[in-house]
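Structural description and commentary
One letter stands for each residue in the lines below.
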Amino acid sequence: MINSNEEWALFLSAKFKTKNGQWITKWKQSSIWKGLKWAWNYLKEDIRLSIGDGTKISVWFDTWIGEVPLIEQIGYSEYVKNNIGMKVANLRKDNSWTFEKVRDKEPTLVSPTYIWKPFLHPNIASNIWKLHQGVYMDDDEMKKIGYDMVSRCCICQEKQDNMDHTLWHCRFSLEIWSWLCSIFGFRKPISFEDICSAAKRKSPIVREIWLTTACATMRELWFQRNKILFEEMKPHNNSFKCRIYKLIQEGIHRMKEASSSTASKKINWTAPVDGVTLFFCAGKSFGEPGNAGLGVIARDCNSKVIGTLTGGIGVASSSIAGEYAIICALEWVVFLKCTNIIIQSYSITEIECFKSTEIPWYIWARWKKASMKLAEVTFSQCPKEINFTANNLAQRGAVLKAGERIIHSGRPHFLKRIELQGVAYLSLC
């Protein structure tokens, strides 16, 4: 039956062999296959094939050299996967053997030093390492080992299922990465290499928090897929975010141990003196350049919020967004008819720009018009840690259209936290 060209043998081969020419091992409805499978499993260990011309002998799955098939010795390497249908005849040329020395080059992995960190929980680190080593099962892997199946992502139900889609391109994962990147101000990653590069040139504590958050998110996206498949759990955005928050809170204790040498100091927010109005300004860009927004908050001598200004800029860099935030604050000052004011921003470059009146050309006309109606303006720089409210407003402004402005009188309901006098805030040195 193995080598016969009779019609019955060709029929059985077509019905009970895989596309790689191997007898199937899974169940199939048939009155004779059960007996044939039992006989084949009993006899195959004692069968040795005579090579002949080699056109019908598989290099990998048939026992033609040695005591076991080559596939059991070398496994499914990349070379085997790319040449899965190779026959022994392909190794012969002009009646002589032509063997090539095959050297499988493993893909270059991101340095393990990014994964095996003291501040990363061993369970998170080990699962990220498994993802890098391909120790998982998805529809792509099932197809590679011979399963014929229709593939669809169990989360978004829009694209084919594979781990790359689950982690980076699924609609659910894109929402999660957008949420995280809006907090950190990073670009959306499409690989672990992007996660590592985003953490470069950042302070040690920011790097640790980002890597902990990103690795925990990758692990949870993987585990969520398994829960949907095996426990029929439905994906829920808020529940997922809560799990990420919890993992970060648990990881804080490890970060404290790993970052014990990180220097920090306490700083305080101070309300302006009587008769002075304080305007905190911030510009935010998600990318350099990217969607940018501005935020301004006005406070009086009693620490009361006079109002807030949120605006969209369009595509711009962070420095341009900061300059637009200051010029919009000055125009708002003119509208409110304030006389004695202080403009504060955490960017020294932008503050010095307005102090020296070396205004960029694209806002020069607006600066000239506003300055003619201003009585006394003081520009000063403040640490970012006591200007977080304006920064949050700028993040909200990044989703607005270019030129769109929203002004709230008093403290808007969405501002859950503002800078308070007498409260110490930690600033990294």
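All values derive from a computational prediction rather than experimental measurement.

1. A look at the packing of helix 8 (residues 171–184) against helix 10 (residues 204–231)
Two numbers describe how helix 8 lies on helix 10: the axes approach to 12 Å, and their chain directions differ by 170°. In terms of their interaxial angle, helix 8 and helix 10 are classed as roughly antiparallel. In the crossing of helix 8 with helix 10, the sense of the turn from one axis to the other is right-handed. Listed contacts from helix 10 to F172, S173, I176, W177, L180, C181 and F184 of helix 8 are I209, W210, T213, A214, T217, M218, L221 and Q224. The residue makeup of the contact of helix 8 with helix 10, split by class, is 11 nonpolar, four polar and no charged.

2. Comments concerning the sheet that holds strand 5 (residues 290–299)
If you walk across this open sheet you meet the six strands as 8-7-4-5-6-9, and the pairing is mixed. One side of each edge strand has no neighbouring strand; the edge strands of this open sheet are strand 8 (376–381) and strand 9 (405–409). Sheet twist, expressed as the average angle between the axes of neighbouring strands with direction ignored, equals 15°. Here strand 4 (residues 277–287) runs beside strand 5; their pairing, made up of 10 bridges, is antiparallel. Within the sheet, the bridge partner assigned to G283 lies in strand 5 and is L294. Across the sheet, helix 13 (residues 348–355) is in contact with strand 7 (340–345) and strand 8; its angle to strand 8 comes to roughly 155°. On top of the sheet, helix 15 (residues 388–397) reaches strand 4, strand 5 and strand 6 (305–316); it is set at about 140° to strand 5, its chief contact.

3. Structural notes on unusual backbone geometry
If you check the backbone angles, S303 has positive phi at about 70° while not being a glycine. One can find S303 in the loop between strand 5 and strand 6. Phi at T357 is positive, roughly 55°, even though this residue is not glycine.

4. Things to note about the confidence of the model for the protein
When pLDDT is averaged along the protein, the result is 81; 83% of the residues meet or exceed 70. When the elements of the protein are averaged for pLDDT, helix 2 (residues 33–43) gives the smallest value, 65, and helix 7 (residues 163–169) the largest, 92.

5. Quick notes on the pairing of strand 4
For strand 4, the buried fraction is high: 10 of the 11 residues fall into the buried class. Where strand 4 and strand 7 come together, five bridges link them in parallel fashion. Considered in strand 7, the bridge of T277 is made with I341. Where strand 4 folds back onto strand 5 in an antiparallel hairpin, the turn is made up of two residues.

6. Overview of the packing of helix 5 (residues 122–133) against helix 10
In the contact formed by helix 5 and helix 10, the axes pass within 9 Å of each other and the chain directions differ by 65°. Judged by the inter-axis angle, helix 5 sits roughly perpendicular to helix 10. Note that helix 5 runs across helix 10; the crossing there is left-handed. Across the interface between the two elements, N123, I124, N127, I128, K130 and L131 of helix 5 pack against C215, A216, M218, R219, W222 and F223 of helix 10.

7. Observations concerning helix 8
End to end, helix 8 covers 20 Å across 14 residues, agreeing with the expected 20 Å (1.5 Å per residue, within 8%). Those residues of helix 8 lying buried are F172, S173, I176, W177, W179, L180 and C181. Looking one or two places after helix 8, you find G185, whose phi comes out positive at around 75°.

8. Observations regarding the packing of aromatic side chains
The tally for this structure, following the rule as stated, stands at 14 aromatic pairs. Ring centres of W179 and Y245 lie 5.5 Å apart, and the angle between their planes is 80°; on these two criteria the pair is classed as edge-to-face. Remark: Y245 occurs in helix 11 (residues 237–258) and W179 occurs in helix 8; sequence separation between them is 66 residues. Ring plane angle 25° and centroid distance 5.8 Å describe the contact between F184 and F186, whose orientation is recorded as stacked. One aromatic cluster is present, formed by F184, F186 and W210 through successive ring pairs. Over the face of the ring belonging to Y346 we find K384, whose NZ or CZ atom lies 5.2 Å from the ring centre. Sitting over the face of the ring of F388, R417 holds its NZ or CZ atom 4.5 Å from the ring centroid.

Cut-offs and rules
Residues numbered from 1 in each chain as written. Predicted model: local features only at pLDDT ≥ 70, side-chain atom pairs only at ≥ 80, totals over all residues. Heavy atoms only, no water. Axes fitted to C-alpha atoms, helices over the stretch in contact; angles between N-to-C directions. Helix = DSSP H or I, 4+ residues; strand = E, 2+ residues; numbered from the N terminus. Parallel < 35°, antiparallel > 145°, perpendicular 65-115°, else oblique. Left-handed = near helix turned anticlockwise from the far one by under 90°. Contact = heavy atoms within 4.5 Å. Nonpolar A, V, L, I, M, F, W, Y, C, P; charged D, E, K, R; others polar. Pairing = 2+ DSSP bridges. pLDDT = per-residue confidence, 0-100. Buried < 20%, exposed > 50% of the residue type's maximum accessible area, 1.4 Å probe, protein only. Expected span 1.5 Å × (residues − 1). Phe/Tyr/Trp six-rings, centres within 6.5 Å; stacked < 30°, edge-to-face > 60°. Lys NZ or Arg CZ within 6 Å of the ring centre and 35° of its normal.

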